[in-house]
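# Chain and residue survey
This is what each chain is made of:
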Amino acid sequence: MRSLQTEIEQSGARIFELVDRHPEPLFSKAGFYQRLMALSMRDERFKVQMFRFVDVLPSLRSSGDIVQHLDEYFADMRNGFAPLVRTGVRAAKIVPWISGQLLRWNVSGMARQFIAGKNPSDVMKTLRKRREQKIGFTVDLLGEAVVSEKETDEYAARCLELLEHLARETDGWSDPLDAGADLFPVVNLSVKISALYSQINPADPADAIAHLAPKLRPILRRAKELRAFINFDMESFSHKNITLDLFKRLFAEPEFRDWPHAGIVIQAYLRDAEKDLVDLIDWGRARRTRFAVRIVKGAYWDYEKIKSTQNGWSIPVYLQKPESDANFEALSRVLLENESIVTAAFGSHNVRSIAHAQALADELGIDRTRFEFQLLYGMAGPVKRALVELGYRVREYCPVGELLPGMSYLVRRLLENTSNEGFLRAKFSENVSEEQLLRNPCELLRESRNGASPRSTTATTNSMKNRHLPHGDSREAPPGDTYKNAPLTNFSEQANQDKMRAALREMRTRLGKEYPLVINGQKLSTGKTIASINPSSPDEVVGAVAEAGIAEAEQAVKAARDAFEKSRWTPFEERAQLLERAAAIMDRRRFELSALEVFEVGKPWTEADGDIREAIDFCLFYAQQMRRIGRPRLTQHVPGEESYYHYWPRGVAFVIAPWNFPLAILCGMTTAALVTGNAVIMKPAEQSAVCGAMLMEIFEEAGVPPGVLNYLPCKGSVIGAHLVDHKDVDLIAFTGSREVGLKIWESAGITRPGQRELKRVICEMGGKNAVIIDSDADLDEAIVDSIYSAFGYQGQKCSALSRLIVLEENYDRVMERLLSAAASLRVGNPEEPGMTVGPVIDKTAYERILDYIEIGKSEATVAFQHQNAPPKGYFIPPTIFVDVKPDMRIAREEIFGPVLSILKVRDLDEAIKIANSTDYALTAGFFSRSPANIERAKAEIEAGNVYINRSCTGAVVGRHPFGGFKMSGGGTKAGGEDYLLQFVVPRVVTENITRHGFAPEETPLYRDEFRVRR
Ligand SMILES: Cc1cc2nc3c(=O)[nH]c(=O)nc-3n(C[C@H](O)[C@H](O)[C@H](O)COP(=O)(O)OP(=O)(O)OC[C@H]3O[C@@H](n4cnc5c(N)ncnc54)[C@H](O)[C@@H]3O)c2cc1C
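Each value, and the rule that gives it
Residues numbered from 1 in each chain as written. Predicted model: local features only at pLDDT ≥ 70, side-chain atom pairs only at ≥ 80, totals over all residues. Heavy atoms only, no water. Helix = DSSP H or I, 4+ residues; strand = E, 2+ residues; numbered from the N terminus. Rg over C-alpha atoms; globule rule 2.2 N^0.38 Å. Contact = heavy atoms within 4.5 Å. Areas by Shrake-Rupley, 256 points an atom, 1.4 Å probe, with all protein chains shown as cover. Lys, Arg positive; Asp, Glu negative; His and termini not counted. Charge placed at Lys NZ, Arg CZ, Asp CG, Glu CD. Near = heavy atom within 4 Å. Polar contact = N/O pair within 3.5 Å; in protein donor to acceptor, adjacent residues only side chain to side chain. Nonpolar A, V, L, I, M, F, W, Y, C, P; charged D, E, K, R; others polar. Pairing = 2+ DSSP bridges. Axes fitted to C-alpha atoms, helices over the stretch in contact; angles between N-to-C directions. 1 Å grid on protein atoms, 1.4 Å probe; cavity = no way out; pocket = protein on both sides within 12 Å on 5 of 7 lines; lining within 4 Å. Points joined across faces, edges and corners; volume = space filled by probe spheres on them. Parallel < 35°, antiparallel > 145°, perpendicular 65-115°, else oblique. Left-handed = near helix turned anticlockwise from the far one by under 90°. Expected span 1.5 Å × (residues − 1). Buried < 20%, exposed > 50% of the residue type's maximum accessible area, 1.4 Å probe, protein only. Core = buried A, V, L, I, M, F, W, Y, C linked by side-chain atoms within 4.5 Å. Salt bridge = Lys/Arg side-chain N within 4 Å of Asp/Glu carboxyl O. pLDDT = per-residue confidence, 0-100. Disulfide = S-S within 2.5 Å. Right-handed = clockwise from strand over helix to strand, strands pointing away. Phe/Tyr/Trp six-rings, centres within 6.5 Å; stacked < 30°, edge-to-face > 60°. Lys NZ or Arg CZ within 6 Å of the ring centre and 35° of its normal.

## Details of the overall build of the chain
- The secondary structure content of the chain amounts to 35 helices and 30 strands.
- Relative to the 2.2 N^0.38 estimate, which gives 31 Å for 1014 residues, the radius of gyration of the chain is 32 Å and therefore close to what a compact globule would have.
- The long-range share in the chain, meaning contacts at least 24 apart out of those at least 6 apart in sequence, stands at 77%.
- Put simply, the chain shows about 40,200 Å² of open surface, and 52% of that area lies on carbon and sulfur atoms.
- Averaging the locations of the 130 positively and 136 negatively charged side chains of the chain gives two centres separated by 1 Å.

## Some thoughts on the site of the ligand
- The ligand sits among 30 residues. The nearest are Gly298, Ser324, Ser348, Asn350 and Phe423.
- Within the backbone of leucine 319, a nitrogen or oxygen atom sits 3.0 Å from a nitrogen atom of the ligand.
- Burial of the ligand by the protein amounts to 94% of the accessible area it has alone, namely 930 Å².
- Where the shell around the ligand is concerned, the elements lending two or more residues are strand E4 (262-267), strand E5 (291-296), helix H13 (321-337) and strand E7 (372-376).
- Residues that form the shell around the ligand fall into these classes: 13 nonpolar, ten polar and seven charged.

## Considerations on the sheet that holds strand E25 (residues 899-905)
- Pairing is mixed across the open sheet formed by seven strands, whose spatial order is E23-E24-E25-E22-E21-E27-E28. At either end of the open sheet lies a strand with only one pairing partner, and these are strand E23 (861-865) and strand E28 (945-948). Going from strand to strand, the sheet's axes swing by 20° on average, the running direction of each strand aside.
- Bridge count between strand E21 (residues 769-773) and strand E27 (residues 923-927): four bridges; the pairing is parallel. From the neighbouring strand, valine 771 faces E27, where its bridge partner is glycine 925.
- Where helix H31 (residues 808-823) meets the sheet, its contacts fall on E21, strand E22 (801-807), E23, strand E24 (879-882) and E25, and the angle it forms with E22 comes to roughly 140°.

## Description of the layout of surface pockets
- Considered as a void within the structure, the second largest pocket measures approximately 1,400 Å³ in volume.
- Phe734, Gly736, Ser737, Glu739 and Val740 are, among the 44 residues lining the second largest pocket, the residues nearest its centre.
- Among the elements that line the lining of the second largest pocket, the one with the most residues is helix H29 (residues 738-748), at seven residues.
- Here the lining of the second largest pocket is built from residues that sort into 17 nonpolar, 13 polar and 14 charged.

## Remarks on the packing of helix H1 (residues 4-21) against helix H14 (residues 351-364)
- Following both chains from N to C, one finds H1 and H14 inclined at 125°, their axes separated by 8 Å at the closest point. Here H1 is positioned oblique relative to H14, judged by the angle of their axes. The way H1 lies across H14 gives a crossing that is right-handed. Contacts between H1 and H14 involve Leu4, Gln5, Glu7, Ile8, Ser11, Gly12, Ile15 and Phe16 from the first element and Val351, Arg352, Ile354, Ala355, His356, Gln358, Ala359, Leu360 and Glu363 from the second.

## A few points about helix H4 (residues 63-74)
- Counted at 1.5 Å a residue, the expected span for H4 with its twelve residues is 16 Å, and the 17 Å between its end C-alpha atoms agrees.
- All buried positions along H4 are accounted for by Ser63, Ile66, Val67, His69, Leu70, Glu72, Tyr73 and Phe74.

## Description of the nonpolar core
- Judged by nonpolar contacts, the single largest core of 134 residues is most densely connected at Ile230, Phe232, Phe251 and Val293.
- A per-element tally of this core places helix H9 (residues 205-225) first, with eight residues.
- In this structure, Leu511, Tyr515, Ala672 and Ala689 belong to the second largest nonpolar core, which totals 78 residues.

## Some thoughts on helix H26 (residues 664-675)
- For H26, with twelve residues, the first-to-last C-alpha span of 16 Å sits near the 16 Å given by 1.5 Å per residue.
- Among the twelve residues that make up H26, twelve are buried, leaving the element largely enclosed by the rest of the structure.
- Glycine 677, located one to two residues past H26, shows a positive phi value of around 100°.

## A look at the side chain of asparagine 534
- Counting through the fold element by element, asparagine 534 comes out in the loop between strand E12 (529-533) and strand E13 (541-546).
- Residue class for asparagine 534 comes out buried when judged on its relative accessible area of 1%.
- Here the side chain of asparagine 534 touches serine 536 through a polar contact of 2.9 Å, landing on its backbone nitrogen.
- A polar side-chain atom of asparagine 534 sits 2.8 Å from a polar atom in the side chain of glutamate 540.

## Looking at the pattern of salt bridges
- A complete count under the given rule lists 71 salt bridges for this structure.
- If you follow the salt bridges from partner to partner, you end up with Glu506, Arg510, Arg589, Glu592 and Glu697 in one network.

## Let's talk about the sheet that holds strand E3 (residues 229-232)
- Taken in spatial order, the eight strands close into a barrel running E1-E2-E3-E4-E5-E6-E7-E8, and their pairing is parallel. In this sheet, adjacent strand axes meet at a mean angle of 30° when their direction is disregarded.
- Alignment of E4 against E5, held across five bridges, turns out to be parallel. When the sheet's bridge partners are listed, isoleucine 264 is paired in E5 with valine 293.

## Some points on the pairing of strand E6 (residues 342-347)
- Counting buried residues along E6, six of its six residues qualify, which places the element largely inside the surrounding structure.
- Pairing of E5 with E6 involves five bridges; the strand directions are parallel. Along E6, the bridge assignment pairs valine 293 with alanine 344.
- One ladder, built from three bridges, connects E6 with E7; its direction is parallel.

## What to know about empty space enclosed by the protein
- Taken as a whole and assessed by the stated rule, the structure comprises seven cavities of 30 Å³ or more.
- Its volume calculated, the largest cavity comes out at about 180 Å³.
- For the lining of the largest cavity, the secondary-structure elements that each account for two or more residues are helix H23 (572-588), helix H25 (605-630) and strand E15 (641-649).
- Residue contributions to the lining of the largest cavity peak at four residues, all from E15.
- Reported here for the second largest cavity is a volume of approximately 150 Å³.
- Surrounding the second largest cavity, 19 residues form its lining, Phe184, Phe229, Ala292, Thr343 and Glu372 being those nearest its centre.
- Every element with two or more residues in the lining of the second largest cavity is listed here: E3, E5, E6 and E7.

## Points about the confidence of the model for the chain
- Considering every residue of the chain, the mean pLDDT works out to 92; 94% of them sit at 70 or more.
- Segment residues 454-474: pLDDT under 50, and 38 contacts once partners within four positions in sequence are set aside and those in other chains are kept.

## A look at the state of the cysteines
- Summed over all chains, the structure comprises zero disulfides.
- The thiol sulfur of cysteine 398 is not disulfide-bonded, and the nearest other cysteine sulfur, from cysteine 159, lies at 15 Å.
- Residue classification places cysteine 398 among the buried residues on the basis of a relative accessible area of 0%.
- Not part of a disulfide, cysteine 667 finds its nearest cysteine sulfur in cysteine 619, a span of 3.7 Å.

## Section: the pairing of strand E17 (residues 679-683)
- The element E17 is extensively covered by neighbouring structure, given that five of its five residues are classed as buried.
- Of the two faces of E17, both are covered, the one formed by Ala679, Ile681 and Lys683 as well as the one formed by Val680 and Met682.
- Crossover connection from strand E16 (residues 652-656) via H26 to parallel E17: handedness right-handed.
- In this structure, E17 lies alongside strand E18 (residues 709-711), joined through three bridges in parallel fashion. Bridged to methionine 682 within E18 is tyrosine 711.
- In this fold, E17 hands off to helix H27 (residues 689-702), which returns the chain to E18; that crossover is right-handed.

## Some thoughts on the packing of helix H22 (residues 550-567) against helix H28 (residues 716-724)
- Look at H22 against H28: their axes get within 10 Å of each other, and the N-to-C directions meet at 30°. Crossing of H22 over H28 shows right-handed handedness. Residues Ile550, Ala553, Glu554 and Val557 of H22 form the contact with H28, whose participating residues are Ile719, His722 and Leu723.
- Its residues assigned to classes, the contact of H22 with H28 comprises five nonpolar, one polar and one charged.

## Some remarks on the packing of aromatic side chains
- Tallied over the full model, the rule gives 30 aromatic pairs.
- Centroid distance phenylalanine 46 to phenylalanine 74: 5.5 Å. Interplanar angle 45°. Geometry classified as tilted. Here phenylalanine 46, found in helix H3 (residues 44-56), pairs with phenylalanine 74, found in helix H4; they are 28 residues apart in sequence, far enough to count as distant. You'll find phenylalanine 46 and phenylalanine 74 in the same group, each marked buried.
- An angle of 45° between the planes, with centres 6.4 Å apart, marks the rings of tyrosine 73 and phenylalanine 74 as tilted.
- Judged by relative accessible area, tyrosine 73 falls into the buried class, the value being 4%.
- You can call phenylalanine 74 buried: its relative accessible area is 2%.
- Site record: aromatic cluster; members linked through ring pairs are Phe232, Phe247, Phe251, Phe256, Trp259, Trp283 and Phe291.
- Seen from the ring of tyrosine 920, arginine 738 lies directly overhead, with NZ or CZ sitting 5.3 Å from the centre.
- The ring of tyrosine 811 carries the charged tip of lysine 904 above its face, separated from the ring centre by 4.5 Å.

In structure tokens, the structure reads:
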């Protein structure tokens, strides 16, 4: 008996023979495309610019704009394309209309290579042609990037319309193979689940399914009546489990249980693909009705890698191409071995993957009419033809839609076709040998494990190339790279959802507990308490913390002062380790702390988790920074003398924190003070005093010495002010409102009798943050990110967006999508994971924000106000004002709530002028695809943190050191390299080391700390 490998080689050779009879370059269209693609494959930077240009082009309206963008993207290229562009641009400036149209026409041509038709009737031309070639179809509606429920309704309606149209137009069509028509209906629709619900939250699969199922049922019902087939496509990993669950639930419903014409996709690049497939098959067997599975390798490989790396998650996809190939083969076997219940579809252009399926089917005695090969429209034409000639069932995946919504699809295809790792490039562009292309991926993996390079059959690894940038710069690690951030919790994992629910249940049993002050290691009650309440349900007391008065404040200062005199000499390494122990405890208690934040400050799950992550990061990052600056460092190499630069702590630090990042900000300021050797009095915000008590508990468990950290919840206006003025307080670290911040700044400037030090004030205040949407911005991103920036955590982040500045050219399009996206937001109690907008912090805030809404109504026009805010609790409906002018109060004053002002401007000059026109300079954002405009924004926008093409909230420690200037703060950057320097005084110790003309030749660059041993 011949081995499977031999059979695969034979099958593969047969396909190649037929393919080579009708040779075709990688890109079937001649000329322009081929040159562009060839260049893209040679020049990585050109490829990036080229794909970005293709991406922006459909949204450019005037020819002048097109020419301008062409110039910006390509003029400084150093390759053969640049002179062409320069000549083109010169000509275009004379006749922009002709050149703009020409470019658009060319790019549309490129898109038409992958998009089978503009609309249902247009696509029929393609489908009829394919019918003649004995190729079936599955149609996919482009436009999956929905931002609102209005858009999802439109998508669902278009699906239905498409189904009707296809059924009507294909009436009387027979099976291309005249066999197995019962398994393979002619009409086949591929559906993108994410296009049917705009608020999918991976943490809340139940909510997603509850919204998706009613949208899908009418489509399924109609498909069943029309004898059509419906396939659920698979998208990003975060949607995978929802898609699988939805599929299983819907098709187990009595109405659809006996219907065999449903299919779903499994992506072989996912490490858990085989488990998912086996689960599906078990489900199918229990259901007892046939269903179909298309296996593919997966179209979001780059995205999954980037996203997981950014969030510190384990990467769900395989990292070596042969691993995906090998897994595809393993899945092929599982599928074919279960042919009795599941119909297999192999979605691949890779002849090795295809030949493997063929050989396996032969080995298992499965007739070739009972499974199918599916390939994408516009790709691998010769392979399709060969498969048909060999008598296999072939179906083409045909995207339908306009160019603009089709852009992300087009870019995915271009990436795939030019990928170093891709089969098509290897076969049709690089002419890799047949033998190499048909090698067993498992063998390649074995070779790579044995030390050979991890090359795939097709790949030349580009990791080395990437170290050098096109201009010859080398990619050196930036300073922040030495720090690896703590991961976010991945709530798409069921285990994490379960842990969070359990933590919420457990926390509920602890509500109402009392928490003492902690001074000098002693737990104290005062007879007075501050009640911290749940803003979602104000009659619920989260906890009662002892309230400090003047006497306790004095006690705390004395304890801190005494402790400081001893603890200032602790080695920095011990202090760094204290922070690391605290981080480990927070990590252990992570879900418990998140649950507390949900109750105490109304944070949605992911926001609460982000806060705990940030607190952990502050501990670990500042520990690392302290090790960097802790040892005395030689200033210069000078013979005979050594001078060492080092830092002393300042003394007693008074930390005053806000409630909006109840753990992170309190922890950040406190740990910076502790690790630099100061003693700390920690005052949490009254609204989040229980979170403060938790932080104290954590530090006690971590082993902070008595008096070095004291927990003093109190009324800011009286006791806080008393401590700010205290002669024995040397440093005040404050984050909060401008009003209080400025008072502290002023008051701390007055020297009190007996005061030793000039007080250092670290002051972070508010913002009136602006985001500008340029005329060429990608609205799919700009809308989603603006909504999140404005309404995430109810607009109560100091970084939140409150002024959206829109260029008039884009205004109507932006507003239409923005308002419907805002209307789709879920507002409610954040104990439910799918809520985006929860309550504002307390009654005072609630009333103040409502007052601002009234002010807004008198100054401008309400364009939108959410209708479904719960009546109980401090829920403010997200509100959007238009006709806002820069001098109005709602455009100048910080509101700190879910209220967004829209300002319409003529051009970018005016936009930047308005963005810079407030007293504040904290965060800002800019959405644009014009390289020149992006450069302008980078240079000119006045803000401590400027974000381009992303949300203006969500700074990550070490990655985005955070803080503003003007009336937003003193310019220090929390989570940045310079931050600890605010908490220390620098000192230089110089010693003459010459004795009678003799001096050591070498002085070490670093020396041990100067220590007082008592
Ligand atoms: C009909 C059809 C329907 C499809 N439907 C879907 C769908 O619903 N969802 C979806 O996600 N995709 C879908 N795809 C796309 C598919 O996932 C692949 O991206 C595409 O077909 C390329 O795979 P290949 O086998 O043809 O080519 P190959 O060149 O053999 O494989 C390329 C693929 O290998 C993987 N890969 C690349 N580099 C690496 C690496 N370093 N380590 C590990 N893996 C790597 C990637 O998945 C990449 O797309 C579909 C494809 C077809 C043909």
